[in-house]
Amino acid sequence: MKTKLRLGIIGAGSVVREIYQYLYFRSSYTPLLDICAVADPNEQYRNWFGDLAGLPANRRFSDYKELIAKTELDAVQINTPDHLHCAPTVAALNAGLDVVVPKPTAATLKDAHAMIETAKKTGRFLGVDFHKREDPRIKEAEARFQGGRYGQFQAAVFYMLDKLMVADPNHTPRFFASPDFAEKNTPASFLTVHMADALMKIVNLTPVQVRAVGYSQKLPSLKPIAVKGYDLVDTEILFSTGAIAHILTGWALPNTAWATTVQSSRIICSDGLIDLNLDQPGLREIHADGIFEVNPLFKNFEKDKSVTGYGISSPGRFYQQILASQNGKLSVEEREAMNSPIALGFYTALVLEAAEKSLAEGDKLATGATIGSTVDLRKLVAAQLGANAAKQYQLG
Ligand SMILES: NC(=O)c1ccc[n+]([C@@H]2O[C@H](COP(=O)([O-])OP(=O)(O)OC[C@H]3O[C@@H](n4cnc5c(N)ncnc54)[C@H](O)[C@@H]3O)[C@@H](O)[C@H]2O)c1
């Protein structure tokens, strides 16, 4: 019986610095993982990670295909930007490896569908790390809502606003390894997906229509490197029941904000409401730099130097499941639950692609606002993936 997974790391940028280095080297999941190799075309990040993991030079690759071909592995974690999740995932699954990716599944529906279909075809494990799903407040909200306590979901507002330093390529040190991350992505791809996924998990409904409004007023004024991108996006999601949600996400809050991410939500139902004050978990500090809300639920630096929290346990649980699965100890029910389109983030990828389509087709005002078009999700899935896939995802 295996007690450890031989793991290859593909992509070693900001998400590895902020979250996964603690999972790999300082968590209760560390004993399950043998970090065998890294692949990243960026030499600086490849060697930062290679040094951290103590990897010899012949286990540091610039090309993920070489990592897959030349290393004996059980699984890979693919931490590349969203538009680069699909190709390494499909290659790794086809090579017989299990795969974990950070949220979102992919940048497009076609990519998400290809990843899901390859996982099905190969019978390998695919896990998408939407860590908010493991936030105890979201889990409690889900259980209470689905217990019928609040009646029918009617409307919701979610906020998730990052400090400008996240999107600003002029900030030292730069947050993202990729210098053009903020220009190639949007608050919808980086942040809306977290909240859309959390909401859909709580209310368990299928989205049917999306319309987005975007504001590009701060990012283009950045100096010396300006960013052609959205500061803020309001994504309106209509569900099959007629319920509606507005998910407001941005990355242009002044750097004096009380947390890197200022976030909250209110879900209004026929018989009650739920408030999730996600950025006020109860530990507020005042020190020389200002007043801060600390979230130890997400990432908690313990006295013994280990790191706990749902940011760590969410991907950690995938590795427990992969180990169980490779040892033939995962039940059919558990496997089926992990392979559902909701678990694999299909509807979240759908909302993302629709929000970006809505903005791309929208009216651009002289003020920097873009009033997006209305996108019918059933038509979008049929156009992108065909009628059969639309039926498969209950959108036919
Ligand atoms: N940064 C965060 O806090 C955070 C949190 C949750 C999820 N994520 C997700 O993590 C993923 C990565 O984002 P990031 O913030 O780390 O971006 P990043 O730009 O900081 O890092 C991406 C890394 O991938 C590398 N890369 C690019 N092409 C590659 C290839 N073909 N093979 C191997 N490596 C390649 C880049 O060189 C870079 O080092 C995205 O899907 C993002 O949405 C990020």
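This one's a predicted model, so the numbers in the text were calculated from it and none came from an experiment.

Caption draft 1: Main features of the domain arrangement of the chain. Domain annotation of the chain identifies domain 1 (5-130 + 304-329) and domain 2 (136-297 + 346-392). Facing the 20 residues of domain 1 at the interface are 23 residues of domain 2. By residue number, the principal contributor to the side of domain 1 that touches domain 2 is helix α5 (residues 109-122), which donates five residues. Class assignment for the residues of the side of domain 1 that touches domain 2 results in ten nonpolar, seven polar and three charged.

Caption draft 2: Representation of the sheet that holds strand β6 (residues 126-129) within the structure. Strands sit in the order β3-β2-β1-β4-β5-β6 across an open sheet of six strands; the sheet is parallel. The open sheet has two edge strands with one neighbour each: β3 (60-61) and β6. Here strand β1 (residues 5-10) runs beside strand β4 (residues 75-78); their pairing, made up of four bridges, is parallel. Residue pairing in the sheet places Leu 7 in a bridge with Ala 75 of β4. Across the sheet, helix α10 (residues 310-326) is in contact with β1, β2 (33-39), β4, β5 (98-102) and β6; its angle to β6 comes to roughly 170°.

Caption draft 3: Focus on the packing of helix α4 (residues 86-94) against α5. Put simply, α4 and α5 touch, their axes get as near as 9 Å, and they point 5° apart. On the basis of their axis angle, the class for α4 and α5 is roughly parallel. Here α4 contributes Cys 86, Thr 89, Val 90, Leu 93 and Asn 94 to the contact with α5, which in turn contributes Asp 111, Ala 114, Met 115, Thr 118, Ala 119 and Thr 122. Grouping the amino acids of the contact of α4 with α5 by side-chain chemistry returns six nonpolar, four polar and one charged.

Caption draft 4: Local environment of the packing of helix α12 (residues 346-360) against helix α13 (residues 377-385). Direction vectors running N to C along α12 and α13 enclose 95°, while the axes themselves pass 11 Å from each other. It follows that α12 is roughly perpendicular to α13 by the angle criterion. Of the residues in α13, those in contact with Leu 350, Glu 353 and Ala 354 of α12 are Leu 377, Leu 380 and Val 381. Of the residues contributing to the contact of α12 with α13, the split by class is five nonpolar, no polar and one charged.

Caption draft 5: Fine view of the nonpolar core. Val 76, Val 99, Leu 199, Leu 350, Val 351 and Ala 355 are the most contacted members of the largest nonpolar core, which totals 115 residues. The contact partners of Ala 355, leaving out residues within four places of it in the chain, are Ala 188, Thr 192, Val 210, Ala 212, Val 233 and Thr 235.

Caption draft 6: Broad picture of the sheet that holds strand β9 (residues 232-239). The eight strands lie next to each other as β12-β11-β7-β10-β9-β8-β18-β17, forming an open sheet whose pairing is mixed. Each edge of the open sheet is held by one strand with a lone partner, namely β12 (272-276) and β17 (363-364). Where strand β8 (residues 207-215) meets β9, eight bridges bridge the pair, whose relative direction is antiparallel. When the bridges of β9 are listed, Pro 207 appears paired with Phe 239. With respect to the sheet, α13 is in contact with β8 and β18 (369-376), its orientation differing from that of β18 by roughly 75°.

Criteria and cut-off values
Residues numbered from 1 in each chain as written. Predicted model: local features only at pLDDT ≥ 70, side-chain atom pairs only at ≥ 80, totals over all residues. Domains from an automatic or database assignment. Contact = placed C-beta atoms within 7 Å. Helix = DSSP H or I, 4+ residues; strand = E, 2+ residues; numbered from the N terminus. Nonpolar A, V, L, I, M, F, W, Y, C, P; charged D, E, K, R; others polar. Pairing = 2+ DSSP bridges. Axes fitted to C-alpha atoms, helices over the stretch in contact; angles between N-to-C directions. Parallel < 35°, antiparallel > 145°, perpendicular 65-115°, else oblique. Core = buried A, V, L, I, M, F, W, Y, C linked by C-beta atoms within 7 Å. Buried ≥ 20, exposed ≤ 12 C-beta atoms within 10 Å, placed from the backbone.

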